[in-house]
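Residue-level listing of the chains:
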Amino acid sequence: PGEFGVVQSWSGYQLADNIPAIFGRDPQRLAHNSPALTLPRVAAALRRTHTFIWFYSSTRDPMLKQNQLFARELARLQIANTFFVVPGGHTWHAWRDNAEAAILAAAKRLAHA
């Protein structure tokens with residue numbers, strides 16, 4: 001919070017998988033890298049700094065359910081966000097098709113910050 005005015009996730013995870021090669025069997029590091037677990041602790045700061053979260057998932061993306069739950073939690077905590085679902089899977093096709101929209105969404109939000 002306060003570092004970035006816009007946060008984006010393109011088919012990202014909200015709960016990090018416990019991968020020892022990445023997180024070193026450290027439950028605190030795993031939790032720290034799980035936005036869904038970090039959100040309650042930083043929600044007030046995100047609201048205060050007017051941080052905007054823009055994210056999406058695909059209809060066949062394994063992260064879809066996590067992202068839908070995260071969108072509901074952002075709404076409940078009154079954190080500015082846009083979430084949407086696009087057709088397809090967890091693929092470059094989805095990311096390429098939405099790259100321009102992502103850049104425009106960030107530019108628009110930052111221009112009015």
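Above this text is the structure in question.
Residues numbered from 1 in each chain as written. Predicted model: local features only at pLDDT ≥ 70, side-chain atom pairs only at ≥ 80, totals over all residues. Heavy atoms only, no water.

Caption draft 1: Region of interest: the packing of aromatic side chains. Counting across every chain of the model gives 7 aromatic pairs. Where W54 meets Y56, the ring centres are 5.7 Å apart and the plane angle is 80°; that geometry is what we call edge-to-face. An identical accessibility class is assigned to W54 and Y56; each is buried. Members of the aromatic cluster, connected to one another through ring pairs, are W10, W54, Y56 and F84. (Phe/Tyr/Trp six-rings, centres within 6.5 Å; stacked < 30°, edge-to-face > 60°. Buried < 20%, exposed > 50% of the residue type's maximum accessible area, 1.4 Å probe, protein only.)

Caption draft 2: Looking closely at the sheet that holds strand 2 (residues 52–58). Within the open sheet, the 3 strands sit side by side as 1-2-3. Their pairing is parallel. With partners counted over all chains shown, the strands left at the sheet margins are strand 1 (6–10) and strand 3 (81–86), one partner each. Strand-to-strand, the axes of this sheet are offset by a mean angle of 10°, without reference to chain direction. When strand 2 meets strand 3, the two strands line up parallel, connected through 6 bridges. The residue of strand 3 that forms the bridge with F55 is F83. (Pairing = 2+ DSSP bridges. Helix = DSSP H or I, 4+ residues; strand = E, 2+ residues; numbered from the N terminus. Axes fitted to C-alpha atoms, helices over the stretch in contact; angles between N-to-C directions.)

Caption draft 3: Seen up close, the environment of N98. Tracing the backbone through its elements, the reader meets N98 in helix 5 (residues 92–111). When sequence neighbours within four positions are dropped, the list of residues in contact with N98 reads W54, Y56, F84 and V86. In this structure the side chain of N98 is engaged in a polar contact, spanning 2.8 Å, whose partner is the backbone oxygen of A94. (Contact = heavy atoms within 4.5 Å. Polar contact = N/O pair within 3.5 Å; in protein donor to acceptor, adjacent residues only side chain to side chain.)

Caption draft 4: Spotlight on the pairing of strand 2. Judged by how many residues are buried, strand 2 sits mostly within the fold: 7 of 7 residues are covered. Alternating positions in strand 2 separate into two faces, F52, W54, Y56 and S58 on one and I53, F55 and S57 on the other, with burial throughout. In this structure, strand 1 lies alongside strand 2, joined through 5 bridges in parallel fashion. Residue pairing in the sheet places S9 in a bridge with F55 of strand 2. Where the polypeptide runs from strand 2 across helix 4 (residues 64–76) and back to strand 3, its parallel neighbour, the crossover connection is right-handed. (Right-handed = clockwise from strand over helix to strand, strands pointing away.)

Caption draft 5: How the structure looks around the environment of F52. Relative to the helices and strands, F52 is located in strand 2. Sequence separation of F52 and V6 is 46 residues, and the distance between their C-alpha atoms is 4.8 Å. If we ignore the near neighbours within four places in the chain, the residues touching F52 are G5, V6, V7, A80, N81, T82 and R109.

By themselves, these observations are geometric and do not establish any function.
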